[in-house]
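So the chains spell out like this:
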Amino acid sequence: MTTQTSTQAAPFENGPRFDGRALRNAFGSFATGVTIVTTAGSDGADIGLTANSFSSVSLDPPMVLWSLAKTSMNMEAFCQSEYFAVHILSADQEDLSTRFASKVEDRFSGLALDRGPDGIPMLQECMARFACKVAYQYEGGDHVIFVGEIVDFNHSAQKPLLFHGGRYGMLLPKQIDTSEDVSSNLSSDDLLYQVSNAYFRTRHSVINELNRHNWTAEEYAVLSIIAREDGLCMPEIVARSEEVRGQAISATIVQSLIARGLLCEDESSDGKTGFKLTFEGKIAVMELISIRKASEAAVQSGLDPSEVQLLKHLLARLEYSPAQ
Ligand SMILES: Cc1cc2nc3c(=O)[nH]c(=O)nc-3n(C[C@H](O)[C@H](O)[C@H](O)COP(=O)(O)O)c2cc1C
């Protein structure tokens, strides 16, 4: 292992000084993946921290680098160890990144580990991992740069966890433009077409599931509206239904639920007649919740957790205001 001191230190001493926050923000505009770098202390303790300074360096010989802040509690351990391991995190491992960047008593607690060269801890769950032998250490201002030669690695195809502007993110591959006929106004590439198509497909599967259990979509709507807020009167139930489903509710549905003993009338102090769930109605709502959860799981089954998160985020951002 070679330790080199930077010959660039002197010119910077009297060189430009920048606003620290502005410089940090500028660095943060570079999107990176997130890694956990581990090693073993001289006493055999497992050591690791979150790092996004990782970069591949060379294919032949295979080399990588990363840098460690000189304020790190683990500087001595990394400087003395002959090996380190880099673990590239997948999109669902944000918690692990937070854990290895925080002051917790044992960052490795409960994690499944393999052992690398010299017994260094190797996390089992990650997207890719590299066991490295330290080749060089460089002074890098307030960091020390470690360059390692890869002695072993593995990789699995998953979606990476990203870091940009001080926030975690996920990869959204750029769409290849497949629209051939831009003049077509019924294009299956339209966002509106895709959203409504997805809505009808997913809604259809939920309604099928409700019907299979002898419930109609209207009964589900009334019971779930009243489950959220007891004491609503008929016009309020109709308004809520229009808000969440774009459809009104007929009074006969409410009457039939009363006849089945699932709803009862609830006279308020101002004389308004509202409706609330009976005991049997509350049990029915629990059944409906489990049907909805099963449908939710079925809809999500073709997506991985990071895609579900991304989809929810994008749908929440979608606002549609028709032209006036
Ligand atoms: C996304 C992310 C990336 C980070 N990258 C680095 C890095 O490359 N080098 C570093 O020294 N610290 C980095 N940190 C900060 C350390 O993980 C954090 O300061 C940790 O508490 C250091 O632990 P230690 O003092 O036990 O070594 C990063 C933190 C986060 C959340």
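Cut-offs applied
- Residues numbered from 1 in each chain as written.
- Predicted model: local features only at pLDDT ≥ 70, side-chain atom pairs only at ≥ 80, totals over all residues.
- Heavy atoms only, no water.
- Helix = DSSP H or I, 4+ residues; strand = E, 2+ residues; numbered from the N terminus.
- Contact = heavy atoms within 4.5 Å.
- Areas by Shrake-Rupley, 256 points an atom, 1.4 Å probe, with all protein chains shown as cover.
- Pairing = 2+ DSSP bridges.
- Near = heavy atom within 4 Å.
- Polar contact = N/O pair within 3.5 Å; in protein donor to acceptor, adjacent residues only side chain to side chain.
- Nonpolar A, V, L, I, M, F, W, Y, C, P; charged D, E, K, R; others polar.
- Expected span 1.5 Å × (residues − 1).
- Phe/Tyr/Trp six-rings, centres within 6.5 Å; stacked < 30°, edge-to-face > 60°.
- Buried < 20%, exposed > 50% of the residue type's maximum accessible area, 1.4 Å probe, protein only.
- Axes fitted to C-alpha atoms, helices over the stretch in contact; angles between N-to-C directions.
- Parallel < 35°, antiparallel > 145°, perpendicular 65-115°, else oblique.
- Core = buried A, V, L, I, M, F, W, Y, C linked by side-chain atoms within 4.5 Å.
- Salt bridge = Lys/Arg side-chain N within 4 Å of Asp/Glu carboxyl O.

- An unreviewed UniProt entry lists the chain under the name Flavin reductase like domain-containing protein, from Pseudomaricurvus hydrocarbonicus.

**Concerning the overall build of the chain**
- A tally of helices and strands in the chain yields ten helices and 15 strands.
- In the chain, the proportion of contacts linking residues at least 24 apart, taken out of those at least 6 apart, comes to 61%.
- For the chain, the computed accessible surface area is about 21,000 Å², with 54% contributed by carbon and sulfur atoms.

**A few points about the pairing of strand 13 (residues 167-170)**
- As paired elements, strand 12 (residues 161-164) and strand 13 share four bridges and run antiparallel to each other. Bridge pairing links His164 to Arg167 in strand 13.

**A closer look at the site of the ligand**
- In the vicinity of the ligand there are 17 residues, among which Thr50, Ser53, Ala69, Ser72 and Asn74 approach most closely.
- Contact distances for the ligand include 2.6 Å between an oxygen atom and a side-chain N or O atom of Ser72.
- Isolated, the ligand exposes 640 Å² of accessible area, and the fraction of that covered by the protein chains is 81%.
- For the shell around the ligand, the secondary structure elements donating two or more residues are strand 4 (46-51) and strand 6 (62-69).
- Its residues assigned to classes, the shell around the ligand shows nine nonpolar, six polar and two charged.

**What to know about helix 7 (residues 234-245)**
- For helix 7, with twelve residues, the first-to-last C-alpha span of 16 Å sits near the 16 Å given by 1.5 Å per residue.
- Residue Gly246 follows helix 7 closely and has a positive phi angle near 70 degrees.

**Thoughts on the side chain of Thr32**
- Note that Thr32 resides in strand 2 (residues 32-33).
- A distance of 3.4 Å separates the side chain of Thr32 from the side chain of Asn52, its partner in a polar contact.
- Among all residues touching Thr32, those that are not within four sequence positions of it are Asn52, Leu161, Leu162 and Phe163.

**Quick word on the packing of aromatic side chains**
- Following the criterion strictly, the structure yields ten aromatic pairs and no others.
- Aromatic side chains Phe54 and Phe130 sit 5.9 Å apart centroid to centroid with 20 degrees between the ring planes, which places their arrangement in the stacked category. Here Phe54 is found in the loop between strand 4 and strand 5 (55-59), whereas its partner Phe130 is found in strand 10 (residues 128-140), with 76 residues between them in sequence.
- On the accessibility criterion, Phe54 (21% relative accessible area) is partly exposed.
- Phe130 gets classed as buried once you look at its relative accessible area, which sits at 14%.
- Their ring planes at 90 degrees and their centres at 5.1 Å tell us that Phe100 and Phe108 sit as a pair that is edge-to-face.

**As for the packing of helix 6 (residues 217-228) against helix 8 (residues 251-259)**
- In the contact formed by helix 6 and helix 8, the axes pass within 10 Å of each other and the chain directions differ by 75 degrees. On the basis of the axis angle, helix 6 is roughly perpendicular to helix 8. In this structure, helix 6 contributes Glu218, Glu219, Val222 and Leu223 to the contact, and helix 8 contributes Ile253, Val254 and Leu257.

**Comments concerning the nonpolar core**
- Counting 23 residues, the largest nonpolar core has Trp215, Val222, Leu223 and Leu263 as the members making the most contacts within it.
- At the level of elements, helix 6, helix 7, helix 8, strand 15 (273-277) and helix 9 (279-300) are the ones that each hand at least two residues to this core.
- Among the elements that make up this core, the one with the highest residue count is helix 6 (six residues).
- In this structure Trp215 touches Leu210, Leu223, Arg260, Leu262, Ala284, Glu287, Leu288 and Ile291, once residues within four positions along its chain are discounted.
- Of all hydrophobic cores here, the second largest spans 21 residues; its members include Leu49, Val64, Trp66 and Phe130.

**Considerations on the pattern of salt bridges**
- This model, assessed by the stated rule, comprises eleven salt bridges.
- With a closest N to O distance of 2.8 Å, Lys133 and Glu82 form a salt bridge. A residue pair is termed long-range when its members are at least 10 positions apart, and Lys133 in strand 10 and Glu82 in the loop between helix 3 (75-80) and strand 7 (83-88) qualify at 51 residues.
- Measuring nitrogen to oxygen at the nearest pair gives 3.0 Å for the salt bridge that ties Glu219 to Arg260. Taken together, the residues Glu219 in helix 6 and Arg260 in the loop between helix 8 and strand 14 (263-267) connect sequence positions 41 residues apart.
- Taken together, the salt bridges that share partners define one network made up of Lys159, Asp304 and Glu307.

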